[in-house]
Amino acid sequence: MHLLRRAVIAAVALLLLAAIAVYLMFRGSLPQLDGDVAGTGVTAVIERDAIGTPTITAASRRELAYATGYAHSQDRYFQMDLMRRVAAGELAELLGPAALDTDKRFRIHGFRRVAQRVLEKMPAADRQILDAYVAGVNQALENARARPWEYLALRTRPGAWLAEDSVLTAFSMYLSLNDSTGAEELARSQLRAALPPALFDFMNPLGTEWDAPVTGGSWRVAAIPGPEIFDLREGDPREAALSNPPSGTDLAEKPMVGSNSWAVDATRAAGGAALLANDMHLGLRLPHVWYRARMRAQGGAETPRDLVGVTLPGLPILVVGSNGRVAWGFTNSYGDWTDLVIIEVDPTNPDRYLVGDTAEAFAKRAEIIAVRGAAPVSLDVKTTRWGPIVNQDAQGRPLALAWTAHDPRATNVRMLDFENASTVQEALLAANRSGAPVQNFLAVDHQGHIGWTLMGQVPIRANYDSTQPASWRAPGSGWVGWRAPEEYPRIIDPAPGRLWTANTRTIDVGTWLTFLGDGGYDLGARAAQIRDDLLSLSNATAADLARIQTDDRALFLTRWRDLLLQLLDEKALADQPARAQARDRIERWSGRASAADQGYPIVRAFRQQVRKEVFDALTAQARLQYPQTKFEPSAQFEGALWQLVTQRPAHMLDPRYATWEEALLASFDTAILALAKDCADPCTWGRQNTLAMRHPLSDALPFAARWLDMPAEAMHGDFAMPLAQAPAFGASQRMVVSPGREAEGLFQMPGGPVDHPLSPFYGAGHEAWVRGEPLPLLPGNAEHALLLKP
């Protein structure tokens, strides 16, 4: 017994020692915050305040880039590694077979090769800044007491950072913001082929009554097509709907990866200075996408810089923020930046395709994908002058993907020019010259002016329909060049004194479609609510704009609530206790997407179920004809849907039902049954909208998930309102700033600045973001200082 006790004690002691050793090893990977670092070749200091926000000060722009790279590497190297690997299709080398499908999907784009071509064309001055950044990243890796903790957990070592990896970081944003497969265009073309033209146009309008462009009016949805065009109660449409072919239609709309941004000029602002607000909506994960910083270059012959905002780890650039004279922000444009090109194979040689009157050989390459813990996998990629082959059409013809991201002319680091812009006009010109995923660009300046344009490179289209796959074989068809900066649409100091963008059409339909094409821009409900909020302010303050950012009023669903209350009359409630309970909760709904509300999720689920069932009935023939395609309603389908559920034409009624009332009640019953199954009673919106902001290694380290992941908080907000929020999607930051008055600026960001769960800065500031409580934009007093010395 005595020996057994001693053995147990020894075993426990060994476990304790092992745990202490692991803890010390992981703690050793914490970044150095104080002291001197010699041998860097630069003079700079990285100061951090009480929540870890860095202020990076250097003697020149090149040294500032070096120090920024050093700070990014210290705090976010694993994130940088993931972003470059995603874009390059090299995740499996780090994470194993689970990432292989992702690598195959993205490796076909050859982004590492494109990145190298971008570097070849980069001006020497820009390359000098980028090379300094890369040197800073690698010096921090070399100086670290231990490799970043994720690599300790994965039992591997991080590879060095290359200049082309910074370009790959930019390409990772293309992958987030653009359609990288052409699947949406192909599905739309198949739906158009299967439906009568009038029905397709009715279901896919260019806008609705919710439109809220800054210039140009709303789009009038066409009238419901008559029974002579399409009748769900007769013939083939009826048979198709009754056969109920499998539906891939998602119940909920997919989140619009985009943002909100608005501006108020000096005449409408309380302090007599223009204000800018920006909150970019992206997937929420850890490490968080943005890295908040203040960046100062002071001394030498260069123009001094004092920048504040957010950076993207992997790049030496302030993405959005203020330079003291101009402030700027983005929202995704949802222009049409990818096209499917029908490839006409040479009938005499399947290894060649037709270009004009001649034929060219397909370019073929074997991509070797390294897979951790397994044998390498070879991926055969076939490409054309227009892009890689990604699919085939119904006739079996190959389809190539033309994407602006494939052309090195579309990507550059001209966003550096924002740093020295002094006026709105200068900022807009810099935006037109910048190479990045095309964005709505808003800017305000210290003189009180405001302006909008597009940032990013835009192709010139000729002689084809960009909304569906088309042949570019004929000379003069396809993309025939790039827009010059002077061609870009602009709005400066509009009469209302306000500007707003929210991933919708910003200007008149004709100009928008001619210049950008239709990439599936959002319904205008969110933009309209922002517009109306802004127009109600005659003397706006920073606090006013911050309140708009957290506006969770569900104005879009109000009419659906009213429709539902009319539907749930005395007859519909007879002997239906579930319906009666739901009606009671709907009547007590606050009108907001409040986490505590029980009425909101019911109204929301009802609309989604009706949307799905109406769309599925109308598209049943297309689903029979193309069973492998996933058809989804466009964001503008709401206009057609509302006409149908309010006018209730008999010939558009699902043949499974005798009346529209019966169909709508069936949708309602399905919706509340699903809620009862998936959401414990009482089903509040917060139970459905619970934050799931997780670290990619928390599944592999479940015992550590409680320390790695952000708390699972019940969240306010939803889509179609300014406070965009879903469990793993939402505002990646919230900023309000007036150039020259940064000390009065406001800021919120989830996740915290440092990717290390043992750091006191892990998750710092996150709780304020959850509560919607702005913090000061400028970092606080320095509590740590790391000096970089030559």
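Residues numbered from 1 in each chain as written. Predicted model: local features only at pLDDT ≥ 70, side-chain atom pairs only at ≥ 80, totals over all residues. Heavy atoms only, no water.

**Topic: the overall build of the protein chain**
Our working definition: Here a helix means four or more residues in a row that DSSP labels H or I, a strand means two or more in a row labelled E, and each is numbered from the N terminus. Restricting the calculation to C-alpha atoms gives the radius of gyration, and the globule rule supplies 2.2 Å times the number of residues raised to the power 0.38. Burial here depends on accessible area, computed with a 1.4 Å probe over protein chains only, as a share of the maximum for the residue type. Under 20% is buried, over 50% is exposed, and the range in between is partly exposed. Contacts were defined at the residue level, with two residues in contact if any of their heavy atoms lie within 4.5 Å. Per-residue accessibility takes into account occlusion by the displayed protein chains alone, with areas from the Shrake-Rupley method and a 1.4 Å probe. Positive charges come from Lys and Arg, negative ones from Asp and Glu, while His and the chain ends are left out of the count. A charge is said to be at NZ when it belongs to Lys, at CZ for Arg, at CG for Asp and at CD for Glu.
Assigned secondary structure in the protein chain consists of 25 helices and 29 strands. Against the 2.2 N^0.38 benchmark of 28 Å for 790 residues, the protein chain shows a C-alpha radius of gyration of 28 Å, consistent with a compact globule. Each principal axis of the C-alpha distribution contributes one length, and for the protein chain these read about 80 × 80 × 70 Å. Out of the 790 residues in the protein chain, the part that is buried amounts to 60%. By sequence separation, contacts in the protein chain at least 24 residues apart represent 71% of the contacts at least 6 residues apart. Per element, the accessible surface of the protein chain, about 30700 Å² overall, is 54% carbon and sulfur. Averaging the locations of the 78 positively and 89 negatively charged side chains of the protein chain gives two centres separated by 5 Å.

**As for the sheet that holds strand E16 (residues 398–403)**
Our working definition: Only when DSSP finds a minimum of two bridges between them are two strands counted as paired. The axes used here are C-alpha line fits, helices contributing only the stretch in contact, and every angle between their N-to-C directions lies in the interval 0 to 180 degrees.
Taken in spatial order, the six strands line up as E13-E14-E15-E16-E10-E20 in an open sheet, and their pairing is mixed. With one partner strand each, in any of the chains shown, strand E13 (363–369) and strand E20 (470–471) form the two edges of the open sheet. Pairing geometry for strand E15 (residues 387–392) and E16, over three bridges, is antiparallel. Bridge pairing links Gln392 to Pro398 in E16. Along the sheet face, helix H4 (residues 100–107) touches E13 and strand E14 (377–384) and points at about 155° away from the line of E13. Those strands touched by helix H9 (residues 183–194) are strand E10 (338–342), E15 and E16, and its axis lies near 60° from that of E10.

**What about the packing of aromatic side chains?**
Filter applied, for reference: The aromatic pairing rule takes the rings of Phe, Tyr and Trp, using the six-membered ring of Trp, and pairs them if the centres are within 6.5 Å, calling planes under 30 degrees apart stacked, those over 60 edge-to-face and the rest tilted. Criterion for a charge above a ring: Arg CZ or Lys NZ at most 6 Å from the ring centre, at most 35 degrees from the ring normal.
On inspection of all chains with the given rule, the structure shows 25 aromatic pairs. Consider the rings of Trp560 and Trp642, whose centres lie 5.1 Å apart with planes at 65°: the pair is edge-to-face. Of this pair, Trp560 sits in helix H16 (residues 558–567) while Trp642 sits in helix H21 (residues 637–647); the two residues are 82 residues apart in sequence, bridging distant segments of the chain. Since its relative accessible area comes to 0%, Trp560 is described here as buried. Taken together, Tyr353, Phe362, Trp386, Tyr464, Trp472 and Trp479 form an aromatic cluster joined through their ring pairs. One Lys or Arg, Arg105, reaches over the ring of Phe106 and ends 4.8 Å from the middle of that ring. Positioned above the aromatic ring of Trp642 is the side chain of Arg559, whose terminal nitrogen or guanidinium carbon lies 4.2 Å from the ring centre.

**Observations regarding the side chain of Thr404**
Its location among the elements puts Thr404 in the loop between E16 and helix H12 (424–433). Assessed through its relative accessible area of 2%, Thr404 is described here as buried. Other than its neighbours up to four places away in sequence, Thr404 contacts Tyr174, Asn178, Trp337, Ala410, Gln457, Pro459, Trp479 and Trp482.

**Considerations on the pairing of strand E9 (residues 326–332)**
Most of E9 sits inside the fold, with seven of its seven residues counted as buried. Bridge count for strand E8 (residues 318–322) against E9 is two bridges, and the pairing is antiparallel. Residue pairing across strands places Ser322 opposite Ala327, the latter belonging to E9. Connecting E8 to the next strand, E9, in antiparallel fashion are three residues, including Gly324 with a positive phi near 95°. For E9 and strand E17 (residues 439–445), the ladder comprises seven bridges, and the chain directions are antiparallel. Of the residues in E17, the one forming a bridge with Asn332 is Gln439.

**Looking at the environment of Thr629**
Here is the rule: Here a polar contact is taken to be a pair of N or O atoms separated by no more than 3.5 Å, where protein atoms must pair a possible hydrogen donor with a possible acceptor and residues adjacent in sequence count only if both atoms sit in side chains.
Topologically, Thr629 is positioned in the loop between helix H20 (620–625) and H21. Among all residues touching Thr629, those that are not within four sequence positions of it are Ala187 and Gln190. Side chain to side chain, Thr629 and Gln190 meet in a polar contact 2.5 Å long.

**Topic: the sheet that holds strand E29 (residues 784–788)**
Pairing is mixed across the open sheet formed by eleven strands, whose spatial order is E1-E29-E2-E3-E6-E7-E8-E9-E17-E18-E22. Looking along the sheet, the strands with just one partner apiece sit at the ends: strand E1 (35–37) and strand E22 (491–492). Here E1 pairs with E29 via three bridges, running parallel. Bridged to Asp36 within E29 is Leu787. In the packing of helix H2 (residues 61–88) onto the sheet, the strands contacted are E1, strand E2 (44–48), strand E3 (54–58), strand E6 (291–297), strand E7 (305–311) and E29, and the crossing angle to E6 comes to about 155°.

**Quick look at helix H14 (residues 525–535)**
Counting buried positions over the eleven residues of H14 gives eight, a clear majority of the element. Taken together, the buried positions of H14 are Ala525, Arg526, Ala527, Ala528, Gln529, Ile530, Asp533 and Leu534. Of the surrounding elements, those touching the buried residues of H14 are strand E4 (258–264), strand E5 (275–283), strand E23 (498–501) and helix H15 (542–549).

**So, the state of the cysteines**
Stated precisely, the cut-off is as follows: Criterion for a disulfide: a pair of cysteine sulfur atoms at a distance within 2.5 Å.
Evaluation of the coordinates by the stated rule reveals one disulfide. With its sulfur 2.2 Å from that of its partner, Cys679 forms a disulfide with Cys683. Because the torsion about its S-S bond is 100°, the bridge between Cys679 and Cys683 counts as right-handed. Side by side, Cys679 and Cys683 carry an identical accessibility label, which is buried.

**Points about the pairing of E4**
Among the seven residues of E4, seven are classified as buried, and the element is accordingly described as predominantly covered. Bridging between E4 and E5 involves seven bridges; their strand directions are antiparallel. What sits directly across from Ser259, in E5, is Met280. In terms of strand pairing, E4 meets E23 through four bridges, oriented antiparallel. When the bridges of E23 are listed, Ser261 appears paired with Thr501.

**Considering the pattern of salt bridges**
Short version of the rule: Salt-bridge detection follows one rule: a side-chain nitrogen of Lys or Arg within 4 Å of a carboxyl oxygen of Asp or Glu.
What the rule picks out here adds up to 50 salt bridges. Two residues, Arg85 and Glu93, come together in a salt bridge whose shortest N-O distance is 3.2 Å. Judged by relative accessible area, Glu93 falls into the partly exposed class, the value being 42%. One salt bridge connects Glu209 with Arg559, and the closest N-O pair in it is separated by 2.9 Å.

**Observations regarding unusual backbone geometry**
Backbone geometry follows two general trends: most residues other than glycine have a negative phi, and most peptide bonds adopt the trans configuration. With an omega of -10°, the peptide bond running from Leu286 to Pro287 counts as cis. The topology assignment puts Pro287 in the loop between E5 and E6. Of note, the bond from Asp681 into Pro682 is cis; its omega dihedral lies within 30 degrees of zero at 0°. Following the sequence through the fold, Pro682 ends up in the loop between helix H22 (660–678) and helix H23 (685–688). For Tyr334, which is not glycine, the phi dihedral falls at a positive 55°. You can see Tyr334 is positioned in the loop between E9 and E10. Tyr334 sits in the buried class, given a relative accessible area of 13%. If you check the backbone angles, Asp493 has positive phi at about 50° while not being a glycine. Note that Asp493 resides in the loop between E22 and E23.

**Comments concerning H15**
Burial of H15 is extensive: six of the eight residues sit out of reach of the surface. In the core, the buried residues of H15 are packed alongside E4, E5, H14, strand E26 (734–737) and strand E27 (746–748).

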